[in-house]
Amino acid sequence: MYHCPVTFYLVGLPDEIARIIEDAQPQPSFTHHFTRSDEPEEALTAQASAIFADATGHDAAAWARVFAAHRQATTTVTLIVTHDQVAAAEPYFNDIADLWIAPLSAAEASWRFNHWQRACKRYADSWETSQYLEATINSIPSLVWYKSKDGIHHKVNDAFCATVNKTKEQVQGRGHAYIWDVEADDPACIESERRVMAAKSTIVSEETVQTSDGTRLLTTYKSPLYNIDGSVMGTVGVGIDVTQERAYEDEIVEKNRTMETIFTTMDCGVITHSLDGTRLLGINQAALDILGYDSAEDLMAAGFDMVAPSVVDEGAGKMRESIATLKNVGDSVSTEYRVRHDNGDIVHVMGNVKLIESDGELLLQRYLLDYTDKKKGRSAQGAPPARSHPGAFRGLPARMFLQPGHQSGRGPARQRRQASQVGRAVRRRAQSRQLPRRIHQ
């Protein structure tokens, strides 16, 4: 991906050696440009990326002094000298990348220049990889750290430093206790890293850490790092702060538990069916009334498959999507949808679906509550009392619901709905007198 243009400054080189350098094929991602002079020039030195100078027969120390004073910090200097000139160049060794000892044959000069090219390529590739790493780990909110076998942090990212409120210079080279401002290293952390190095595999765990912002919960991924010989030299860790997510999960669980409590303390419809929705294991009369069927047989004959056919299309799709989110036993989700009866009536349903286990089988337990009156905007004072249905669920085991084929003894669903309309009108007139007694009861 990277592009590396190199400006070569050739000083005092014999034509034979100069042509070897100028004719050399650039390494991938590299391009070559050349300038030449017989003696060092300050301006050309300042513009160069790489300097190759033959100081034999000249003042090697003076030439090295010019290069040291005017080169760029990243410019490499290769100086060709005789054995007798090495001592003169010694004070400038920190500014000289390499010494080529003359006399130098064309074959040796070619070999040495090719070696120089390969070294430059390795350095550039390493620089690119380092940039990839730095840009990646410092652009993510997760904590990243690299530790030796004895628990010393050798590299961390910006998010790590922000969490511990320390700079990289303060963190790198230090252990857990100093970094996290605790009295001793965390035994749980030490043990998890020991397990990672012993197993030579990634281990996922949760760790609680104390930060300047309070206690945080991290999901950590720790993996081994290896020496060149294949032995383990340390670990790399990635910590994802899931504190807020867990708080949201707890809040959702509590809301679902509250919703479930509401459903189980009211007369509402209850259905239990297989996980794939093909077997109806239990249904009470309240659920049949809400869905618009006289019996469980009628419901199955109509084509029940996870969702009753009377549920309007958009509600059916949403319900299937909601059910698909349930992964673990005890998970639940609330839904709202509409049901269209044979006579055209629309019933608004508030539902809750819970993943349960019974006799080793995963099942779906569903609650249905008709809230059509509330949906239409009736006030709580003017709303009719909740209808009572035989077989209403109140915390019974999953297989104790009314089974398919159960008959409640009442007439067809359409007749019951008509009777219910008359009953609601009567109840509304009597409500003001009944309400205090109902509350007292």
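See the structure above.
These notes cover the structure that comes with them. (Residues numbered from 1 in each chain as written. Predicted model: local features only at pLDDT ≥ 70, side-chain atom pairs only at ≥ 80, totals over all residues. Heavy atoms only, no water.)

## Some thoughts on the overall build of the protein
What the protein contains, in helices and strands, is 15 helices and 15 strands. Out of the 441 residues in the protein, the part that is buried amounts to 41%. Across the protein, every contact between residues at least 6 apart in sequence was considered, and the portion connecting residues at least 24 apart equals 56%. (Helix = DSSP H or I, 4+ residues; strand = E, 2+ residues; numbered from the N terminus. Buried < 20%, exposed > 50% of the residue type's maximum accessible area, 1.4 Å probe, protein only. Contact = heavy atoms within 4.5 Å.)

## Here's the deal with the sheet that holds strand β3 (residues 50-54)
What the 5 strands build is an open sheet, ordered β2-β1-β3-β4-β5; its pairing is parallel. Sheet topology places β2 (30-37) and β5 (98-101) at the edges, where each strand pairs with a single neighbour. Each neighbouring strand pair of the sheet contributes to a mean axis angle of 20 degrees, computed without reference to strand direction. Summarising the sheet, strand β4 (residues 76-81) and β5 pair through 4 bridges and their orientation is parallel. From the neighbouring strand, Val81 faces β5, where its bridge partner is Ile101. Sitting on the sheet, helix α3 (residues 60-70) touches β1 (4-11), β3 and β4, and the angle it makes with β4 is about 175 degrees. Against the sheet, helix α5 (residues 106-137) makes contact with β1, β2, β3, β4 and β5, and its axis sits at roughly 130 degrees relative to β2, the strand it touches most. (Pairing = 2+ DSSP bridges. Axes fitted to C-alpha atoms, helices over the stretch in contact; angles between N-to-C directions.)

## Looking at the side chain of Lys166
With respect to the element layout, Lys166 can be found in the loop between α6 (158-164) and α7 (168-171). Residue Lys166 is classed as buried on the basis of its relative accessible area, which comes to 11%. Residue contacts for Lys166: discarding those within four places in its chain leaves Cys161, Val171, Tyr178, Ile179 and Asp181.

## Focus: the nonpolar core
Ranked by internal contacts, the top residues of the largest apolar core, which has 28 residues, are Ile283, Leu291, Leu299, Val311 and Leu368. If you look at the next biggest cluster of nonpolar residues, it comprises 20 residues, including Phe30, Ile80, Ala102 and Trp116. (Core = buried A, V, L, I, M, F, W, Y, C linked by side-chain atoms within 4.5 Å.)

## Examining the pattern of salt bridges
Tallied over the full model, the rule gives 17 salt bridges. The partner of Lys166 in a salt bridge is Asp181, with the nearest N and O atoms 3.1 Å apart. A residue pair is termed long-range when its members are at least 10 positions apart, and Lys166 in the loop between α6 and α7 and Asp181 in the loop between α8 (176-180) and α9 (187-199) qualify at 15 residues. Judged by its relative accessible area of 59%, Asp181 falls in the exposed class. Arg246 is the salt-bridge partner of Glu249, the closest N and O atoms lying 3.4 Å from each other. You can see Glu249 and its partner Arg246 sitting in helix α10 (residues 243-264), 3 residues apart, about one turn around the helix. (Salt bridge = Lys/Arg side-chain N within 4 Å of Asp/Glu carboxyl O.)

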